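# Structural features, examined
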Amino acid sequence: MSDSTKLYNALYQNAEIGSSSIRKIFPKVQDSRLKNEMRMQLSNYKEQVNTIISQMRANNERPRPASKMTKMMTSMGITMNCARDRSTEHIAEMLIQGTNMGVIKINKALNNTITADPKLIKEAKSMLTKEQRYIDNLKSYL
């Protein structure tokens, strides 16, 4: 598997898990401002997924989804955390923690891609900037 393919998959899986997490948490959120933040991030993830899929198709590749185990563990964690505490502060903290996990995975992928397409590396760094902005916006809800 090429370095570019590995990086594409890391970006795809980040957006996939992020999107599904936001959709699972969204109905439990009462704060309208937080819901707007989540909508904007969901839109970023959708855009990212569409971009990755089209770029991979151009290279006759398909993105590899996150594992079923990862999806199941994420879903269970959200369910348990929201059952315990549905406060705006707690939900913002959950979103920050989840986004940080994605940032770590993208950074690992970037650090392990020596021969990836420079445009893709730039795109990954742009995604990291968006993720950091999202985290910074969420901090005001803590």
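Note: the structure precedes this text.
Keep in mind that what you see is a predicted model, and the values were worked out from it rather than measured.

Per the counting criterion, the structure on display carries three salt bridges. Here Lys 71 makes a salt bridge to Glu 16, at a shortest N to O gap of 3.1 Å. Here Glu 16 lies in helix 1 (residues 3–25) and Lys 71 lies in helix 3 (residues 68–84), a separation of 55 residues in the sequence.

Attention now goes to the side chain of His 90. Mapped onto the elements of the fold, His 90 is located in helix 4 (residues 88–111). Given the relative accessible area of 8%, His 90 is considered buried. Discounting residues that sit within four places of it in the chain, His 90 has contacts with Asn 81, Arg 84 and Asp 85.

On to the packing of helix 1 against helix 2 (residues 32–58). Their axes nearest at 9 Å, the elements helix 1 and helix 2 cross at an angle of 150°. Note that helix 1 runs across helix 2; the crossing there is left-handed. Across the interface between the two elements, Thr 5, Tyr 8, Asn 9, Leu 11, Tyr 12, Asn 14, Ala 15, Gly 18, Ser 19, Ile 22, Arg 23 and Ile 25 of helix 1 pack against Met 38, Gln 41, Leu 42, Tyr 45, Gln 48, Val 49, Ile 52, Ile 53, Gln 55 and Met 56 of helix 2.

Looking now at a nonpolar patch on the surface. A cluster of nonpolar residues, Met 69, Met 72, Met 73 and Met 76, forms a patch on the protein surface that exposes about 410 Å² of accessible area. Turning to its location among the elements, Met 76 is positioned in helix 3.

The biggest cluster of nonpolar side chains holds 36 residues, and the ones touching the most others in it are Leu 7, Leu 11, Ile 25, Leu 34, Met 38 and Leu 95. Taken together, the elements giving at least two residues each to this core come down to helix 1, helix 2, helix 3, helix 4 and helix 5 (118–138). For this core, the leading source of residues is helix 4, giving nine residues. Filtering out sequence-adjacent residues up to four positions away, Leu 95 remains in contact with Ile 22, Ile 25, Leu 34, Met 38, Tyr 134 and Leu 138.

With that out of the way, let us pick up the side chain of Glu 16. Residue classification places Glu 16 among the buried positions, given a relative accessible area of 16%. Leave out the neighbours within four places in its chain, and Glu 16 touches Pro 65, Ala 66 and Lys 71.

Below, the discussion takes up the packing of helix 1 against helix 3. It is the contact of helix 1 with helix 3, at a shortest axis distance of 10 Å, that shows an interaxial angle of 30°. Classified by the interaxial angle, the pair formed by helix 1 and helix 3 is roughly parallel. The two elements helix 1 and helix 3 meet at a crossing, and its hand is right-handed. The residues of helix 3 that touch helix 1, namely those facing Glu 16, Ile 17, Ser 21, Lys 24 and Ile 25, are Thr 70, Lys 71, Thr 74, Ser 75, Ile 78 and Thr 79. Of the residues contributing to the contact of helix 1 with helix 3, the split by class is three nonpolar, five polar and three charged.

For Asn 60, which is not glycine, the phi dihedral falls at a positive 55°. Counting through the fold element by element, Asn 60 comes out in the loop between helix 2 and helix 3. Take Asn 60: its relative accessible area is 76%, and that puts it in the exposed class.

Moving on: the environment of Thr 74. Here Thr 74 shows up in helix 3. Take Thr 74: its relative accessible area is 25%, and that puts it in the partly exposed class. In the structure, Thr 74 is positioned ten residues away from Arg 64 in sequence and 17 Å away in space, judged by C-alpha atoms. Residues contacting Thr 74, with those up to four places away along its chain left out, are Ile 17 and Ser 21.

Criteria and cut-off values
- Residues numbered from 1 in each chain as written.
- Predicted model: local features only at pLDDT ≥ 70, side-chain atom pairs only at ≥ 80, totals over all residues.
- Heavy atoms only, no water.
- Salt bridge = Lys/Arg side-chain N within 4 Å of Asp/Glu carboxyl O.
- Helix = DSSP H or I, 4+ residues; strand = E, 2+ residues; numbered from the N terminus.
- Buried < 20%, exposed > 50% of the residue type's maximum accessible area, 1.4 Å probe, protein only.
- Contact = heavy atoms within 4.5 Å.
- Axes fitted to C-alpha atoms, helices over the stretch in contact; angles between N-to-C directions.
- Left-handed = near helix turned anticlockwise from the far one by under 90°.
- Patch = residues over 30% accessible without salt bridge, like charges linked within 9 Å, V, L, I, M, F, W, Y side chains within 5 Å.
- Areas by Shrake-Rupley, 256 points an atom, 1.4 Å probe, with all protein chains shown as cover.
- Core = buried A, V, L, I, M, F, W, Y, C linked by side-chain atoms within 4.5 Å.
- Parallel < 35°, antiparallel > 145°, perpendicular 65-115°, else oblique.
- Nonpolar A, V, L, I, M, F, W, Y, C, P; charged D, E, K, R; others polar.

Bear in mind that shape data such as this cannot, by itself, settle questions of function.
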